[in-house]
Amino acid sequence: MSRNNALLFGIIIAMGACNIATGMLAQVIPLAMDAEGDSKFLIGNNTMAGQAGVLLAGIALVWARQHFRSHLLVMYALMMGLCCYAGFAFTAPLYSWYALRFISGAAIAIVYTT
């Protein structure tokens, strides 16, 4: 493989791994909240928080792309997403997971649309 092809291959593998992690978390978090006895209303709102992050990141991305390089935006979004995924393991699910889901949703939107 030439250098550009190896980089492209690495990016595709990384995006696939992030997509698998996102898909798994989308299913596991509501199950964990249900096992703790949280109400269906809270579980639904928590699931909606990630989509709200996607929506607001899409709006803010227009401004961010005008002021920052794409490479920098994607690197920061990947770091934010990884910190959020690690944060799920160390925090209590109810209120802190709203912020983590919101930020990880925004990070995913930045990575996939930049």
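The structure reproduced in this document is the subject of the present report. Please read these numbers as outputs of a predicted model, since none were measured by experiment. (Residues numbered from 1 in each chain as written. Predicted model: local features only at pLDDT ≥ 70, side-chain atom pairs only at ≥ 80, totals over all residues. Heavy atoms only, no water.)

### As for the overall build of the protein
Phase 1 of the analysis: For the protein, the count of helices and strands is four helices and zero strands.
Phase 2 of the analysis: Along the chain direction, N to C, the helices and strands of the protein fall in the order α-α-α-α.
Phase 3 of the analysis: With respect to the principal axes defined by its C-alpha atoms, the protein has extents near 50 × 35 × 20 Å.
Phase 4 of the analysis: Intrachain contacts of the protein at a sequence separation of at least 6 include 71% that bridge at least 24 residues.
Phase 5 of the analysis: Put simply, the protein shows about 7500 Å² of open surface, and 74% of that area lies on carbon and sulfur atoms. (Helix = DSSP H or I, 4+ residues; strand = E, 2+ residues; numbered from the N terminus. Contact = heavy atoms within 4.5 Å. Areas by Shrake-Rupley, 256 points an atom, 1.4 Å probe, with all protein chains shown as cover.)

### Let's talk about the nonpolar core
Phase 1 of the analysis: Grouped together as the largest cluster of nonpolar side chains are 10 residues: A57, L61, A64, L73, A77, A106, A107, A109, I110 and V111.
Phase 2 of the analysis: Looking at this core, the elements that each hand over two or more residues are α2 (40-67), α3 (70-90) and α4 (93-113).
Phase 3 of the analysis: With near-sequence residues (within four places) excluded, I110 lies in contact with A57, L61, L73 and A77.
Phase 4 of the analysis: The next biggest cluster of nonpolar side chains, apart from the first, holds seven residues, and it includes M33, I43, C84 and W97. (Core = buried A, V, L, I, M, F, W, Y, C linked by side-chain atoms within 4.5 Å. Buried < 20%, exposed > 50% of the residue type's maximum accessible area, 1.4 Å probe, protein only.)

### Describing the side chain of R101
Phase 1 of the analysis: Mapping R101 onto the fold places it in helix α4.
Phase 2 of the analysis: One buried charged residue, R101, forms no salt bridge at all, with the nearest opposite charge on D38 at 11 Å.
Phase 3 of the analysis: Residues in contact with R101, not counting those within four places in the same chain, are L25, I29, P30, N46, T47, A49, G50 and F88. (Lys, Arg positive; Asp, Glu negative; His and termini not counted. Salt bridge = Lys/Arg side-chain N within 4 Å of Asp/Glu carboxyl O.)

### Here we look at α2
Phase 1 of the analysis: Between its first and last C-alpha, α2 extends 41 Å over 28 residues, near the 40 Å set by a 1.5 Å rise per residue.
Phase 2 of the analysis: Listed in full, the buried residues belonging to α2 are I43, N46, A49, G50, G53, A57, L61 and A64. (Expected span 1.5 Å × (residues − 1).)

### Here we look at the pattern of salt bridges
Phase 1 of the analysis: Evaluated as defined, the whole model comprises one salt bridge.
Phase 2 of the analysis: Note that D34 and K40 form a salt bridge whose closest N and O atoms lie 3.0 Å from each other.
Phase 3 of the analysis: Look at D34 and you get partly exposed, because its relative accessible area is 36%.
Phase 4 of the analysis: What makes K40 exposed here is its relative accessible area of 60%.

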